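Report on the structure
Here is how the chains run, residue by residue.
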Amino acid sequence: MKERRWEPGGPLDVGLALQPHRRGGGDPTWRTGGDGAVWRTSRTPDGPCTLRVSVEGGSVHGRAWGPGAGWALETLPALLGGHDDLAGFSVRHEVLAEAVRRHPGLRIGRTGRVMEALVPAVLEQKVVGREAWRAWRWLLTRYGEPAPGPAPDGMRVVPEATVWRQIPSWHWHRAGAEAVRARTIANAAWHAAKLEAAATTEELDRLLRALPGIGVWTSAEVRQRVFGDPDAVSVGDFHLAKLVGYALTGAKTDDQGMLRLLEPYEGHRHRATVLVWLTGLRPPARGPRMPVRDYRAF
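Residues numbered from 1 in each chain as written. Predicted model: local features only at pLDDT ≥ 70, side-chain atom pairs only at ≥ 80, totals over all residues. Heavy atoms only, no water.

**A word on the packing of helix α4 (residues 94-102) against helix α15 (residues 269-279)**
- The geometry of α4 relative to α15 is characterised by a closest axis approach of 9 Å and an angle of 80 degrees between their N-to-C directions. One element, α4, and the other, α15, form an angle in the roughly perpendicular class. Where α4 abuts α15, its residues V95, L96, A99, V100 and R102 lie against A272, L275, V276, L278 and T279.
- Residue composition of the contact of α4 with α15, by class: eight nonpolar, one polar and one charged. (Axes fitted to C-alpha atoms, helices over the stretch in contact; angles between N-to-C directions. Helix = DSSP H or I, 4+ residues; strand = E, 2+ residues; numbered from the N terminus. Parallel < 35°, antiparallel > 145°, perpendicular 65-115°, else oblique. Contact = heavy atoms within 4.5 Å. Nonpolar A, V, L, I, M, F, W, Y, C, P; charged D, E, K, R; others polar.)

Structure below.
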């Protein structure tokens, strides 16, 4: 085991910083302990690791196990938003100002790991969260490595790129992922080394969107997590534009309307949408909801 203590130098909500990396309540890469500590696994450049993050006496205490423990602790501040830069961010709507007051510890962190963000993002394409998270759990349980160290039971580490390339079609089917998403992930895995080596969010965006099956939404979802990009807007999200429109104007809107509303936050448009989520404002539910499908029955 390796340890590190880090002073964040200001308000920090560890749960909010790490929450974007959790894929549903049964995510095998994530656990929350009874003491409030967050357990998270990752495949670092040095190998798999388990990271436990807690707040003790105002400082962050990180403990890590496995070959990637040193890398995980070295990058712990970045993961928790230690490099998040608010320069140029100015709140223009009172509802967002209230969200800032209620969540002063909000920070956008970065993992630096592409495939562990890309695979679940592709699984979430055009389906409800529960359907994607079920597939993620099945695949990680079947193909993920056991978490190093004294991790809670059932935790797994995201497989290497070579494993994603070799998963047979019938196992994608059993996971509940149809052929299009399976091909997209397998193809991206062939380019994993190049994707992981991207030096900037702009470079990663270009590389991702050159791959079949990866568009604006998927690229934004990945770059938000890998680089902590505060401006990567999830255009094409099933809910986001409606939420932004309702929170900022009282009426739902579409993607183009959302982008117009977010123009004053240029450079921090993703940050603004995170604050929209934190307002808790939701438009009245009307009309049919997107159903949870089960491709295993097809």
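**Considering the layout of surface pockets**
- Taken as a whole, the second largest pocket encloses approximately 240 Å³ of empty space.
- Contributing to the lining of the second largest pocket are 13 residues, with L86, V100, P104, L106 and R271 lying nearest its centre.
- Of the residues assigned to the lining of the second largest pocket, the class counts are eight nonpolar, two polar and three charged. (1 Å grid on protein atoms, 1.4 Å probe; cavity = no way out; pocket = protein on both sides within 12 Å on 5 of 7 lines; lining within 4 Å. Points joined across faces, edges and corners; volume = space filled by probe spheres on them.)

**Examining the nonpolar core**
- The biggest cluster of nonpolar side chains holds 36 residues, and the ones touching the most others in it are L118, L123, L139, W164 and V222.
- When contributions to this core are tallied by element, the ones reaching two or more residues are α5 (115-123), α6 (129-143), α8 (169-175), α9 (179-190), α10 (192-196), α11 (201-209) and α12 (216-226).
- Discounting residues that sit within four places of it in the chain, V222 has contacts with V114, A117, L118, A121, L204 and L208.
- The next biggest cluster of nonpolar side chains, apart from the first, holds 19 residues, and it includes L106, A247, L275 and V276. (Core = buried A, V, L, I, M, F, W, Y, C linked by side-chain atoms within 4.5 Å. Buried < 20%, exposed > 50% of the residue type's maximum accessible area, 1.4 Å probe, protein only.)

**Concerning the packing of aromatic side chains**
- For the coordinates displayed, the defined rule picks out four aromatic pairs.
- On the numbers, 5.5 Å between centres and 15 degrees between planes, the contact of W39 with W65 is stacked. Of this pair, W39 sits in strand β3 (residues 38-44) while W65 sits in strand β5 (residues 59-65), and the two are 26 residues apart along the sequence.
- Look at W39 and you get buried, because its relative accessible area is 10%.
- Under the relative-accessibility criterion, W65 is labelled buried at 13%.
- Aromatic pair W164 and W172: ring centres 6.2 Å apart, planes at 25 degrees, arrangement stacked. (Phe/Tyr/Trp six-rings, centres within 6.5 Å; stacked < 30°, edge-to-face > 60°.)

Keep in mind that these numbers describe shape and distance, not what the molecule does.
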